[in-house]
Amino acid sequence: MKSLTKNAVTLAVSFSAAMTAASAFAQTEITIATVNNGHMIEMQKFTPEFEKANPDIKVKWVTLEEGVLRQNVTQDIANKSGLYDVMTIGMYEAPIWGERGWLQPVDTSGNYDKEDILPSIRNGLSYDGTMYASPFYGESSMVMYRKDLVKAAGMEINDRDSWEHIRDVAAAVNDPENGVYGICLRGKAGWGDNMALMTTMANSFGARWFDEDWKPQLESAEWKNAVNFYVDLLTKYGPPGSSSNSFNESLALFNAGKCGMWIDATIAASFVTDPKQSKVADQVGFAQSPISVTEKGANWLWAWALGIPSATKNAEAAQKFVRWATSKEYIQLVGEKNGWAAVPTGTRASTYANQKFLDAAVFAKAELKAINSANPNDSTLKPSPYVGVQFAAIPEFQAIGTTTGQMVSGALAGSLSVDQALKSANSSANRQMRQAGYY
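Residues numbered from 1 in each chain as written. Predicted model: local features only at pLDDT ≥ 70, side-chain atom pairs only at ≥ 80, totals over all residues. Heavy atoms only, no water.

(A) Region of the structure containing the sheet that holds strand 9 (residues 261–265). Pairing is antiparallel across the open sheet formed by three strands, whose spatial order is 9-8-10. Lying at the two open borders of the sheet, with one neighbouring strand each, are strand 9 and strand 10 (284–288). With strand direction ignored, the average angle separating the axes of adjacent strands in the sheet is 30 degrees. As paired strands, strand 8 (residues 141–146) and strand 10 are joined by five bridges and run antiparallel to one another. Opposite V143, over in strand 10, you have A287 as the bridge partner. (Pairing = 2+ DSSP bridges. Helix = DSSP H or I, 4+ residues; strand = E, 2+ residues; numbered from the N terminus. Axes fitted to C-alpha atoms, helices over the stretch in contact; angles between N-to-C directions.)

(B) Looking closely at the state of the cysteines. Scanning the model with the defined rule gives one disulfide in all. Bridging C184 to C259, the disulfide has an S-S length of 2.0 Å. Judged by the sign of its S-S torsion, about -80 degrees, the cystine formed by C184 and C259 is left-handed. Of the two residues, C184 sits in the loop between helix 8 (163–173) and helix 9 (194–204) while C259 sits in the loop between helix 11 (247–255) and strand 9, which places them 75 residues apart along the sequence. Side by side, C184 and C259 carry an identical accessibility label, which is buried. (Disulfide = S-S within 2.5 Å. Buried < 20%, exposed > 50% of the residue type's maximum accessible area, 1.4 Å probe, protein only.)

(C) Representation of unusual backbone geometry in the model. Despite not being glycine, D113 has its phi angle at roughly 60 degrees, a positive value. Inspection of the secondary structure puts D113 in the loop between strand 4 (103–104) and helix 6 (119–124). The class of D113 is partly exposed, set by a relative accessible area of 27%. Not every positive phi belongs to a glycine, and W214 is a case in point at roughly 70 degrees.

(D) Molecular detail of the side chain of T199. Residue placement: T199 occurs in helix 9. Note on T199: relative accessible area 0%, which makes it buried. From its side chain, T199 meets the backbone oxygen of M195 in a polar contact 2.6 Å long. Sequence-distant contacts of T199, defined by excluding residues within four places in its chain, comprise W209, W223, V389 and Q390. (Polar contact = N/O pair within 3.5 Å; in protein donor to acceptor, adjacent residues only side chain to side chain. Contact = heavy atoms within 4.5 Å.)

(E) Representation of the confidence of the model for the chain within the structure. Residue-level pLDDT values for the chain average 94, and 94% of them are 70 or greater. Predicted confidence is poor over residues 1–24, with pLDDT under 50, and the contacts of this stretch with residues over four places away or in other chains come to zero contacts. (pLDDT = per-residue confidence, 0-100.)

(F) Structural context of helix 8. For helix 8, every residue scored as buried is listed here: W163, I166, V169, A170 and V173. All buried residues of helix 8 project into a common sector of 115 degrees when viewed along the axis, lining one side. Against the buried residues of helix 8 lie helix 7 (147–152), helix 9, helix 10 (221–237) and strand 9. (Arc of directions from axis to C-beta.)

(G) Looking closely at the packing of helix 9 against helix 10. Where helix 9 contacts helix 10, the two axes come as close as 9 Å, and the packing angle between them is 125 degrees. In terms of orientation, helix 9 lies oblique with respect to helix 10. Remark: the crossing between helix 9 and helix 10 carries right-handed chirality. Contact residues: helix 9 offers N194, M195, L197, M198, T199, M201 and A202, while helix 10 offers W223, A226, V227, F229 and Y230. (Parallel < 35°, antiparallel > 145°, perpendicular 65-115°, else oblique. Left-handed = near helix turned anticlockwise from the far one by under 90°.)

(H) Structural context of the pattern of salt bridges. Inspection of the entire model under this criterion finds 16 salt bridges. In this structure, D113 engages K328 in a salt bridge whose closest nitrogen and oxygen atoms are separated by 2.8 Å. Of this pair, D113 sits in the loop between strand 4 and helix 6 while K328 sits in helix 14 (residues 328–338), and the two are 215 residues apart along the sequence. For K328, a relative accessible area of 29% gives the class partly exposed. A salt bridge links K382 to E222; the nearest nitrogen and oxygen atoms lie 3.0 Å apart. Of this pair, K382 sits in the loop between helix 17 (364–373) and helix 18 (397–413) while E222 sits in helix 10; the two residues are 160 residues apart in sequence, bridging distant segments of the chain. With relative accessibility at 36%, the residue K382 sits in the partly exposed group. Through salt bridges with shared partners, one network takes in E66, R70 and E93. (Salt bridge = Lys/Arg side-chain N within 4 Å of Asp/Glu carboxyl O.)

(I) Summary view of the packing of aromatic side chains. Applying the stated criterion to the full structure yields 29 aromatic pairs. Here the aromatic rings of W209 and W223 are separated by 5.2 Å at their centres, their planes lie at 65 degrees, and the arrangement is edge-to-face. Note that W209 is positioned in the loop between helix 9 and helix 10 and W223 in helix 10, a separation of 14 residues in sequence. Residue classification places W223 among the buried positions, given a relative accessible area of 1%. Feature note: the residues F46, F50, W61, F136, Y137, F321, W324 and Y330 constitute an aromatic cluster, connected by ring pairs. Stacked on the ring of W191, the Lys or Arg R70 has its end atom at 4.2 Å from the ring centre. Positioned above the aromatic ring of Y112 is the side chain of R348, whose terminal nitrogen or guanidinium carbon lies 4.9 Å from the ring centre. (Phe/Tyr/Trp six-rings, centres within 6.5 Å; stacked < 30°, edge-to-face > 60°. Lys NZ or Arg CZ within 6 Å of the ring centre and 35° of its normal.)

Written as structure tokens, this is what we have:
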């Protein structure tokens, strides 16, 4: 009997020890929602590095097309569903959601070095001095062009060329019979798709989303001039089906040698100059975005960033991942593994002070110049009441921008006129602003 009792005690102790060990190594699973852009795909490939350093955390990825991502994360965070522990969001969402208490402040303590983050990027992801998302990469927009084609056509491209000059270059290099189109631009409907580009064009034509009384200005002469120019430019010198193209589609066209010019996110520079991805890597030139009547708001400012919903049940693990993926050490890791031209850029001053990066990235100076030139607090020629370059930082803008994007895409596709598109967009915006109590 004594022997049996002793065995039972031994068994109980062994079981308890086993349970304690299992508990020590129990994994917390965090779910991360992200966009299907190149740098995010690379981040997923480095997940084992994070899990190795944090064996108690398991990472699950949900990768979505940009428009779907925005819709899903907005619905999840507004409903406090808790589906995601980390969300890929941007400068539009972070301050608005932070003010509403939907996001947890980013843990920037210790060696994270918050001050190393470029001020315009840091401020754009903050509300009342607190960061509510941490930048994975930052960007502006600029001209990327085929030096060989432009030279062969007897043309030049310089910083801040006029949109009219860009049109003339597009006409000169346009060669659809040989599969080369003069210019590639975003046409796919979405406030962060075609309207990111379209708003910077409209800004440079002297337009604004709202006047000082918050009344929509989409039927103004400036908006009509900008959208008519855009539709005419892409109809004559763009690839077929432009109304379906956003960043990834245009990137694929440019890398395949099918675009004489492409005006889009500076982050694309690392891809179009990579010989593993681009057939024209050694022929790419860069210039600051075109203007019409003003430089104000001619190129956008954005960061794809990682935010943590307040509804998460795994806040500590989520903070660890966000700090890791947006750190100087992560950039160093990518530089050493993939090459310094492939690191996520536009976030930290230390990246642009790194000689290895400067030697590898022929686009570095043009990229930083574009980012530094964008001013969200002064992006329109006429006075406007909102903050933001390619968006207005108010909760209602997401719906307004999406509807306007659909109308502009329809005009590009030829299903309605520019005047019809802008009238419909303005009417919708007016209705939403009235309902929201702006006037």
